[in-house]
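Given next are the chains, with one letter for each unit.
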Amino acid sequence: MRNTLMEMLESRKEEMIEIRRHLHENPELSFKEEKTAQYIIDFYKGKDVDIQSNVGNGYGIIVTIKGRKPGKNIGLRADFDALPIVEETDVPFKSKNEGVMHACGHDGHTAYLLILADCLIQLKAEIPGTIKIIHQHAEEVPPGGAKSMVESGMLDDLDNIFGIHLLPMDAAGVVGYHSGYSFNGRAYMKLKVQGRGGHGSSPHLANDAIVAGAHFVSAAQTIISRRLSPFDIGVITIGSFDGKGTFNVIKDSVELEGDIRYMTVETKATIEKEVKRLVKGLEEEFGVTCELTYTNDYPPLYNDAAITQKVAELLTSANDKDIKEVKEFPVLPPSEDFAYYAEKFPSCFFYIGCTPKGVTKPYFNHHPKFDMDEDALLVAAKAVGYVVCGYYELD
């Protein structure tokens, strides 16, 4: 089966590229991917599978491939939303939707998985178990699509879930993995500081919200430097400070927004506790009132050690001309809502190099000039295909 599957995938490489380019030309934002979802559903029409659409809090799709007999059940996940970015690449299949771009590789994720799924459907008689193809909406915008798809209960019968991400950290042909905590979790905070306005010449008759807010910006950094162990990873970024006013008027209120990242659930709890404690202290020290919104978006992504080791072993022993190197990647600072699957099921989320040929300093995901070597699509399909075959011990 393994050789047959690889031959099928190789013969459909151009189709993967064609699908990716179609999706790239027609990107849709998170929770608005109606046409993309319909394109995916249409792809599966007439095939011997069960299709469930509108799963979760948006356009999520689950395609169930039932094998020849009962056995272990796995999920294969790809996301399909785009980003609110004005594309700056010079490719013939540039986005037709102004201000929206597939700048994270989700077009490639969907393209490889559609073809891999179709090949697995044709070979389903060889599979001793069930494979659920998870086409997930809204990865980019919290609360995301993954959490709601897990909460739908439609994945409860799965034993493990696998996913990949295209990353320009290496050339096409390089596959990366990391065991344990692998992607940061993230939280969002908004703080409104309410003081009392007044004339710039008479600060004693007012209560300057800007001074209190500025103190919070500086003090928040001590949470990272003085409340976390030097071996823990945490970041607090205050990305917005809305204090614009008139030069000689003391502001009565300001609003701050921040992005918080962490690598473990313990660090997550520490940062949240300390931010809330700092806000209480701000009220006491400056005599202001504060309104804090603190939302935990995505948890840290944890790759199961045993499953990840198995994936690494399967890919290392594949001896495939398109998979040229398998190596350990470092912990990565972004966040990923695949983490919700990994919280519930032992999972592995691994990486496919996609740096464009001849490029030494590629634009990373989320950049307006992000691009990929489309050879990586076949690498992704083969890599996940080898994992499926190895998981079910299919020669």
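Residues numbered from 1 in each chain as written. Predicted model: local features only at pLDDT ≥ 70, side-chain atom pairs only at ≥ 80, totals over all residues. Heavy atoms only, no water.

As recorded in an unreviewed UniProt entry, the chain goes by Amidohydrolase and comes from Peribacillus simplex.

Undergrad: Mind laying out the sheet that holds strand β12 (residues 253-262), listing which residues take part and the relevant values?
TA: The strand order β10-β12-β8-β13 describes an open sheet built from four strands, whose pairing is antiparallel. Each edge of the sheet is formed by a strand with only one pairing partner; in this case those strands are β10 (234-242) and β13 (289-298). Here the strands of the sheet are splayed against their neighbours by 15° on average, with no regard to which way each runs. As paired strands, strand β8 (residues 185-194) and β12 are joined by 10 bridges and run antiparallel to one another. Each residue of the ladder has a partner; that of Gln194, found in β12, is Ser253. On the sheet, helix α6 (residues 209-226) packs against β8, β10 and β12 and is oriented at approximately 165° with respect to β10. Each of β8, β10, β12 and β13 is contacted by helix α7 (residues 265-286), which is oriented at about 170° to β13, the strand it contacts most. (Pairing = 2+ DSSP bridges. Helix = DSSP H or I, 4+ residues; strand = E, 2+ residues; numbered from the N terminus. Axes fitted to C-alpha atoms, helices over the stretch in contact; angles between N-to-C directions. Contact = heavy atoms within 4.5 Å.)

Undergrad: So what about the domain arrangement of the chain? Which residues, and what values?
TA: When the parts come together, some accessible area is lost, and that loss is often what is quoted as the size of the interface. Taken domain by domain, the chain consists of domain 1 (1-182 + 300-392) and domain 2 (185-297). Using only C-alpha atoms to locate each centre, domain 1 and domain 2 end up separated by 38 Å. With 11 residues of domain 1 at the interface, the matching set in domain 2 holds eight residues. A combined buried area of about 850 Å² lies between domain 1 and domain 2, and 58% of that area is made up of carbon and sulfur atoms. At the boundary of domain 1 and domain 2, one finds zero salt bridges. One can count three residue pairs in polar contact (both at pLDDT 80 or more) joining domain 1 with domain 2. Looking at the side of domain 1 that touches domain 2 residue by residue, the classes come out as eight nonpolar, two polar and one charged. (Domains from an automatic or database assignment. Buried area = accessible area lost by both parts, 1.4 Å probe. Salt bridge = Lys/Arg side-chain N within 4 Å of Asp/Glu carboxyl O. Polar contact = N/O pair within 3.5 Å; in protein donor to acceptor, adjacent residues only side chain to side chain. Nonpolar A, V, L, I, M, F, W, Y, C, P; charged D, E, K, R; others polar.)

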